[in-house]
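Chain by chain, the residues run as shown.
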Amino acid sequence: MSRLVRVFEYEKLTIYSKCSEGKELGENVINKLWQYNDVNNNIYFDGIRNGVKFKHFVGVIQIGNITIEILPKADKQKSTEDDKKNWHDALLKMLAKCKKIRVDSVSEASLKKRNYSLLDLYFELFLKEVDYLLEQGLIKKYRRNDGNLNALKGRLDFGKNIQNNVIHKERFFTTHQVYDYDHLLNQILYKALLVLQTITNNSSLSDNIIRTLGNFPEVKEKEINKGHFDSLVANRKSTKYDEAIKISKMILLNYSPDIKGGGENMLALLFDMNKLWEEYVYRVLAKHQDGNLKVKFQNSEKFWKNKLIKPDIVISKKNEDDITETFIIDTKWKIIDPKQPGDNDLKQMYAYNMYWDSKRSLLLYPSSTYYETKFGDFHKGREGENKCKIGFVNVLKGKQLNENLGQEIMGLMEIEV
């Protein structure tokens, strides 16, 4: 039976923390988190006495029968269980908007389950994709097969034939082609299914995994690493595998099998909230593009020697005189005092204005409180207007993700859409 614990970013988790059944996490879970963090250069959380303190990474970690969800949060107010459910749903929709998961493929009943974790949703989606591929028919490919056969088939390997068949003259060591399902694409899917079978604690998903494995053709079990995914070559026939391979990659490259025994296998799917927020803001703004307004993501220019300068989002818009104006947005997923923006952040925006010849830029922060702010002037540099603003937007409206976020950001920039 799976036990679920939900925490917010920057919160602490200790051996005494309680999960959904009211039981304490215990030392094994915390030790596994410490080991995982050590392997990943301590980027995900800080080790503290008897526990960990999370950083700006959100997502899900499963250790044995314990599932830990780390959720985003845009304020410092004390949280309730309802807050956690709201941010769980919001995170799911943000991941969907950024194409990290296809929510439309997950059943409505699953989404409504209170203790259905993000990991369960990824597993369900993966099974749906594999079942679809099985229904449509998996790809077969030619592969080379070396073997000692009773009949001459393909090309005779003279060296190995002499080595193996001095006595058995009736056999032939040959190299020949086989056309079957045993190739890398299917081996990746098969290995991911086996990992899911090992790690899932959801009885419904376990039954589906067994059924899917029963329908899967015979392929070799192979240890899959990043190099295997890098070697895949996309073509027209393999396009239908794209979603299943994407989830397989997330599963297999983030899976840490228990090498000491005891059943504490681990799978972690974690996302940098700074990057997720940046991409999410870009995607909600991109909806407003038209013939006169363009939104660009991940821009860069040479700055000094080999260093680049990279604002998050660049907006260009033609004005009434058919002159293109440029605006800069830099997203920051952190909570700040609205009256005290950081000096380094302001200096960064000044440089962006200079490089992109932008007259207005925006430092954009999440908030659960409305703050009205105004543009301030940089006193030197660009001719004409050279302004920057500290802007705050509500990520949630009530219990739901703010559907008008893009329009509100355009309003902060004083850009008509």
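Here we summarise the structure given alongside this text.

Analysis parameters
Think of each chain on its own: its residues are numbered from 1, step by step along the sequence as written. Per-residue local features are limited, in this predicted model, to residues with pLDDT of at least 70; the limit for side-chain atom pairs, both in listing and counting, is 80 or more; totals at the level of whole chains, interfaces and linings are taken over all residues. Values shown for side chains rest on all heavy atoms present in the structure; no hydrogens or waters enter the calculation. Axis geometry follows a simple rule: fit a line to the C-alpha atoms, using only the stretch in contact for helices, then measure angles between N-to-C directions, giving values from 0 to 180 degrees. Under the scheme used here, helices are H or I runs from DSSP no shorter than 4 residues and strands are E runs no shorter than 2 residues, and both carry numbers assigned from the N terminus. Roughly parallel here means an angle under 35 degrees, roughly antiparallel means over 145, roughly perpendicular means 65 to 115, and every remaining angle is called oblique. Each crossing gets its hand from how the near helix is turned against the far one by less than a right angle, where anticlockwise is left-handed and clockwise is right-handed. Any two residues whose heavy atoms approach within 4.5 Å are treated as being in contact. Here the term charged refers only to Asp, Glu, Lys and Arg, the term nonpolar to Ala, Val, Leu, Ile, Met, Phe, Trp, Tyr, Cys and Pro, and the term polar to all other amino acids, Gly among them. Throughout, exposure labels follow a simple rule: accessible area from a 1.4 Å probe, protein chains only, divided by the maximum for the residue type, with under 20% read as buried, over 50% as exposed, and the rest as partly exposed. Any pair of nitrogen or oxygen atoms within 3.5 Å is treated as a polar contact; in protein, a donor-acceptor pairing is required on top of that, and neighbouring residues in sequence qualify only through side-chain atoms on both sides. Two aromatic rings, drawn from Phe, Tyr or Trp (for Trp, its six-membered ring), form a pair once their centres lie within 6.5 Å of each other, and the interplanar angle then sorts them: stacked below 30 degrees, edge-to-face above 60, tilted otherwise. Sitting over a ring, as applied to charges here, requires NZ of Lys or CZ of Arg to be within 6 Å of the ring centre and within 35 degrees of the ring normal. Excluding any residue in a salt bridge, patches collect residues exceeding 30% relative accessible area, merging like charges within 9 Å and nonpolar Val, Leu, Ile, Met, Phe, Trp and Tyr side chains within 5 Å. Reported accessibility uses the Shrake-Rupley method at a 1.4 Å probe radius. Residues are deemed covered only where the shown protein chains occlude them. Throughout this description, the term salt bridge denotes a Lys or Arg side-chain nitrogen within 4 Å of a carboxyl oxygen of Asp or Glu. The sign given to each residue is positive for Lys and Arg and negative for Asp and Glu; His and the chain ends receive no count. Note on charges: their place is set at NZ of Lys, CZ of Arg, CG of Asp or CD of Glu. Definition of nonpolar core: a set of buried residues of the types Ala, Val, Leu, Ile, Met, Phe, Trp, Tyr and Cys, connected through side-chain atoms within 4.5 Å. When DSSP finds two or more bridges between two strands, those strands count as paired. Look down the strands so they point away from you; if the path from the first strand over the helix to the second goes clockwise, the crossover is right-handed.

### Brief notes about the packing of helix 4 (residues 118-136) against helix 6 (residues 184-199)
Part 1: Put simply, helix 4 and helix 6 touch, their axes get as near as 11 Å, and they point 140 degrees apart. The angle between the axes of helix 4 and helix 6 places the two elements in the oblique class. In this structure, the crossing between helix 4 and helix 6 has a hand that is left-handed. Contacts from Phe123, Phe126, Leu127, Val130 and Leu133 in helix 4 reach Leu189, Ala192, Leu193, Leu196 and Ile199 in helix 6.
Part 2: Looking at the contact of helix 4 with helix 6, its residues break down into 10 nonpolar, no polar and no charged.

### Let's talk about the side chain of Asp75
Part 1: Its place among the elements puts Asp75 in the loop between strand 6 (66-71) and helix 2 (81-97).
Part 2: Given a relative accessible area of 19%, Asp75 falls into the buried group.
Part 3: Of the polar contacts made by the side chain of Asp75, one reaches the side chain of Lys73; its length is 2.5 Å.
Part 4: A distance of 3.0 Å separates a polar atom in the side chain of Asp75 from a polar atom in the side chain of Ser368.
Part 5: Excluding residues within four positions of it along the chain, Asp75 makes contact with Ile335 and Ser368.

### Brief notes about the packing of aromatic side chains
Part 1: Inspection of every chain in the model, using the stated rule, returns 13 aromatic pairs.
Part 2: Arranged with centres 5.5 Å apart and planes meeting at 85 degrees, the rings of Phe45 and Phe54 form a pair that is edge-to-face. Exposure class is identical for Phe45 and Phe54. Each is buried.
Part 3: Ring geometry for Tyr350 and Phe378: centres 5.2 Å apart, planes at 75 degrees, overall edge-to-face. With a gap of 28 residues between them, Tyr350 in helix 11 (residues 343-356) and Phe378 in the loop between strand 18 (376-377) and strand 19 (387-394) connect regions that are remote in the sequence.
Part 4: Positioned above the aromatic ring of Phe8, the side-chain terminus of Lys73 is 5.3 Å from the ring centre.
Part 5: The aromatic ring of Phe375 is capped on one face by Arg360, whose charged end is 5.8 Å from the ring centroid.

### Describing a negative patch on the surface
Part 1: A contiguous patch of negative charge on the surface is contributed by Glu320, Asp321, Asp322 and Glu416.
Part 2: Judged by its relative accessible area of 69%, Glu416 falls in the exposed class.

### Concerning the nonpolar core
Part 1: Counting 81 residues, the largest nonpolar core has Phe126, Trp277 and Ile315 as its most contacted members.
Part 2: Counting residues per element, this core draws most heavily on helix 6, which supplies 11 residues.
Part 3: Here Trp277 is in contact with Met94, Thr331, Lys332, Trp333, Leu364, Tyr365, Pro366, Val393, Val395 and Leu405, once residues within four sequence places are set aside.
Part 4: In terms of nonpolar packing, the next biggest core, distinct from the first, is built from 23 residues, Val5, Phe45, Phe57 and Ile70 among them.

### With respect to unusual backbone geometry
Part 1: We note that Tyr10 has phi near 70 degrees; this positive angle belongs to a residue other than glycine.
Part 2: Looking at the secondary structure, you find Tyr10 in the loop between strand 1 (3-8) and strand 2 (12-14).

### Here we look at the pairing of strand 16 (residues 324-331)
Part 1: Taken across its 8 residues, strand 16 has 6 buried, putting it largely inside the fold.
Part 2: Here 6 bridges tie strand 15 (residues 313-318) to strand 16, and the two strands are oriented antiparallel to one another. Pairing of Ile315 across the sheet is with Phe327, part of strand 16.
Part 3: Looking at chain direction, strand 16 and strand 17 (residues 360-367) are connected through 5 bridges and run parallel. Across the sheet, the residue bridging to Asp330 is Leu363, located in strand 17.
Part 4: Following the backbone out of strand 16, through helix 11 and into the adjacent parallel strand 17, one traces a crossover that is right-handed.

### Here's the deal with the sheet that holds strand 5 (residues 57-63)
Part 1: Spatially, 1-6-5-11-10 is the arrangement adopted by the 5 strands of the open sheet, whose pairing is mixed. On the outer flanks of this sheet lie strand 1 and strand 10 (255-256), each paired with one strand and no other.
Part 2: Sheet strands touched by helix 10 (residues 273-286): strand 5 and strand 11 (266-272). Its angle to strand 11, the strand with the most contacts, is close to 55 degrees.

### Details of the sheet that holds strand 17
Part 1: The mixed open sheet is built from 6 strands, whose spatial order is 12-15-16-17-19-18. One side of each edge strand has no neighbouring strand; the edge strands of this open sheet are strand 12 (293-297) and strand 18.
Part 2: The sheet contact formed by strand 12 and strand 15 spans 5 bridges and is antiparallel. Counted as the bridge partner of Val295 is Ile315 from strand 15.
Part 3: Set on the sheet, helix 10 makes contact with strand 12, strand 15, strand 16, strand 17 and strand 19; between it and strand 12 the angle comes to about 165 degrees.

### Re the pattern of salt bridges
Part 1: Scanning the entire structure with this criterion turns up 19 salt bridges.
Part 2: One salt bridge connects Arg6 with Glu69, and the closest N-O pair in it is separated by 2.8 Å. Separated by 63 residues along the polypeptide, Arg6 in strand 1 and Glu69 in strand 6 bring together distant segments of the chain. Comparing Arg6 with Glu69, the two get one shared label, buried.
Part 3: We note a salt bridge from Lys387 to Asp377, for which the minimum N-O separation is 2.7 Å. Of this pair, Lys387 sits in strand 19 while Asp377 sits in strand 18, and the two are 10 residues apart along the sequence.
Part 4: Residues participating in the shared-partner salt-bridge network are Asp330, Lys332, Lys334 and Asp345.

All quantities given are derived from atomic positions and should not be read as evidence of function.
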